[in-house]
Each structure stands twice: as structure tokens, then as C-alpha cells.
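What follows is the residue order along each chain.
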Amino acid sequence: MRRLIVNADDFGLHAAVNRGILTAHTEGIVSSTSLMAGGAAFDDAVRIARHCPQLGVGVHLTLVGASPLLPVAEVSSLLDESGDFYGSYPLFIKRFLRGKIRLAEVERELAAQIDRVRMAGIQPSHLDSHQHLHVLPGIGGLVLDLARRFSIRAIRIPAEPVAFIGATPATVGRLVGRGGLTMLANLFRQHAAAAGIRTSDHFYGMLAGGQLTEPAILAILRRLPPGDSELMTHPGFADESLADTYPWGYQWEAERQALAAPAVRALLAERQIRLISFREL
């Protein structure tokens, strides 16, 4: 049996992302999403979630590239001079390795993010994180503790097979980064299992992250092994303010269209791949 969670990240980041996720769910194959508690379009995302009971909603834990929920004085080690999280994960990891990140502040901020989602009436289906920082040793243990505290049963394991290339050309840097992430994620999987937290068996979408075209999705579906898999996606609508605010080079529009492509839906049916959310793990 092959079951697939198609998760759309960054729910709540921007209204154009929210609309893209909604469309990719109602017209395409997205079955799950991850909500950013500090996103500028959080309230809009919550309204959408309330009208989509079949859409699993988790928490997209965020420690970089956004603003904190807690006051600056409570999480100062996580912030740059402007009072925001550091803009990129390499900056965060560098400070983390130098011992400049206070784990008690990480725990308080992430707890506040989960709590905001719950207070909005959503019981999270799972936890994952922006730039996958939840698999870092030290932070991972905190996240597992939070999952137990808030009765969250599942968590993402971003361990894409290192032998998988797919249909999207990848730079050497991304290949090396994927290899390091997969190593950390597989180590974290062991801790999650020991903590009684459920995970998918397989993960895809790292190498093609932000550029998941129709050929890339088809390549993944053709290779999908038996068991439970997660496909990470980033659908949205083309929007000038989105591209200006988040110049990541993501192809939100192309991903949204690919996730609703007839050939993608046909291959799901042909291979008898069942769509699920993290709630079904």
C-alpha cells in the first residue's frame, strides 16, 4: 500500500500563498498544510482552514526569516539588531554552534507559536519547521517535548533519499545540503520513535524545494515506495508583493498548477496512491 501526504508549507505567510494552498487542496492533490503562527496572513489562513475540514493543519515552527511572537526581551538571543529572527538558517546555525542561542528561549517561542494555532481553534496534525531547524540536535529534543506537551502525534522527518535525483536539475550545493539534512533527519527519526511520535516512512521535495514542477512531481510519484510518504510543496499565486518580500526564487504559481495537473492525478490513480494527512499516520 502506498499512502501520500502532500503538505503545503508556509500557510499564513502571505495571502497569495494562502489562496494557492486553498486552490491546490480543492482542485489539486494537497492534503495537508503547515501554518506559520507569526505569518502576516495568519488570520486569513485560519479562516480558510475552518472551511476545509479535510485539510490537515500542522504548525510550521519558525526561527528564521520572520518576526517572533514573544517580546524581544524574552527571546533576545534569537534576534538580530532589528528585533527580527535572523534572515537565513546559516546565520542561525552559526550562532547555535557558537552557543549564542539560548535553548530556553527557543522552547518558549516555539511553545507560543503552537499555542497561538491551538487558541485559534486548530488542533495541530503535526509539527514541521521553516528550513527544517527542528532536526538540529538540541532543538529536536525540545520539539519532541513540545509535541508531547500539546498532544501532537506526528512530526516531519525531512530525510529525502540521497540517491534520488528526480527531474529537477540540482546544484552541488543543494545536493550537499540535502545529504546533510537527510543524515540529521534520520538521526532525529530515532528520537521521535523513542518518544512515541509518529512519522512518515519516506520524504520528498527537498531537492526540488520551491521549484516542484509537474515533471518533478511525476518523477516522485513513479518512484514512490510502499508505505507512508510525505511530499513537501510550496504552492501560491503569482504576486509582486510576495516575490518582493520573499525573494527566495520559489515558483509558487508553477507548483500550484503542477499540483492540479491532470497527469498528476491520473498517475495517483494508476499507482493506487491514497492521499492522507498526518492525522492518518
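Overview of the structure. (Residues numbered from 1 in each chain as written. Predicted model: local features only at pLDDT ≥ 70, side-chain atom pairs only at ≥ 80, totals over all residues. Heavy atoms only, no water.)

1. So, the side chain of Thr-33
- Secondary-structure assignment places Thr-33 in strand S2 (residues 32-35).
- In this structure Thr-33 comes out as buried when scored by relative accessible area, which is 0%.
- The residues touching Thr-33, leaving out its near neighbours within four places in the chain, are Asn-7, Ala-8, Phe-11, Ile-21, Leu-55, Gly-56, Val-57, Gly-58 and His-126. (Helix = DSSP H or I, 4+ residues; strand = E, 2+ residues; numbered from the N terminus. Buried < 20%, exposed > 50% of the residue type's maximum accessible area, 1.4 Å probe, protein only. Contact = heavy atoms within 4.5 Å.)

2. So, the packing of helix H7 (residues 214-223) against helix H10 (residues 262-270)
- With their axes 10 Å apart at the nearest point, H7 and H10 run at an angle of 5° to one another. Taken together, the axes of H7 and H10 are roughly parallel relative to one another. Side by side, H7 and H10 meet where Glu-214, Ile-217, Leu-218, Leu-221 and Arg-222 of the first sit next to Ala-263, Val-264, Leu-267 and Leu-268 of the second.
- Looking at the contact of H7 with H10 residue by residue, the classes come out as 7 nonpolar, no polar and 2 charged. (Axes fitted to C-alpha atoms, helices over the stretch in contact; angles between N-to-C directions. Parallel < 35°, antiparallel > 145°, perpendicular 65-115°, else oblique. Nonpolar A, V, L, I, M, F, W, Y, C, P; charged D, E, K, R; others polar.)

3. A look at the pairing of S2
- The two faces of S2 match: Ser-32 and Ser-34 on one face and Thr-33 and Leu-35 on the other face are all buried.
- Where the polypeptide runs from strand S1 (residues 2-11) across helix H1 (residues 15-26) and back to S2, its parallel neighbour, the crossover connection is right-handed.
- Pairing geometry for S2 and strand S3 (residues 56-61), over 4 bridges, is parallel. Following the sheet pairing, Leu-35 is matched in S3 by Val-59.
- In this view, the connection linking S2 to its parallel neighbour S3 by way of helix H2 (residues 42-50) has right-handed handedness. (Right-handed = clockwise from strand over helix to strand, strands pointing away. Pairing = 2+ DSSP bridges.)

4. Concerning unusual backbone geometry
- A positive phi angle, close to 60°, is found at His-132, a residue other than glycine.
- Here His-132 is to be found in the loop between strand S4 (127-129) and helix H5 (139-149).
- Owing to a relative accessible area of 9%, His-132 belongs among the buried residues under this scheme.
- Unusually for a residue other than glycine, Ser-151 sits at a positive phi of about 55°.
- Mapped onto the elements of the fold, Ser-151 is located in the loop between H5 and helix H6 (172-194).
- The exposed category is assigned to Ser-151, whose relative accessible area is 55%.

5. Looking at H10
- Residues of H10 that are buried: Val-264, Leu-267 and Leu-268. Looking straight down H10, one finds that the buried residues subtend no more than 105° of arc, so they occupy a single side. Residues of H10 that are exposed and point over 90 degrees away from its buried face: Pro-262, Ala-269 and Glu-270.
- Considering only its buried residues, H10 is in contact with S1, H7, helix H9 (252-259) and strand S7 (273-276).
- Looking one or two places after H10, you find Gln-272, whose phi comes out positive at around 55°. (Arc of directions from axis to C-beta.)

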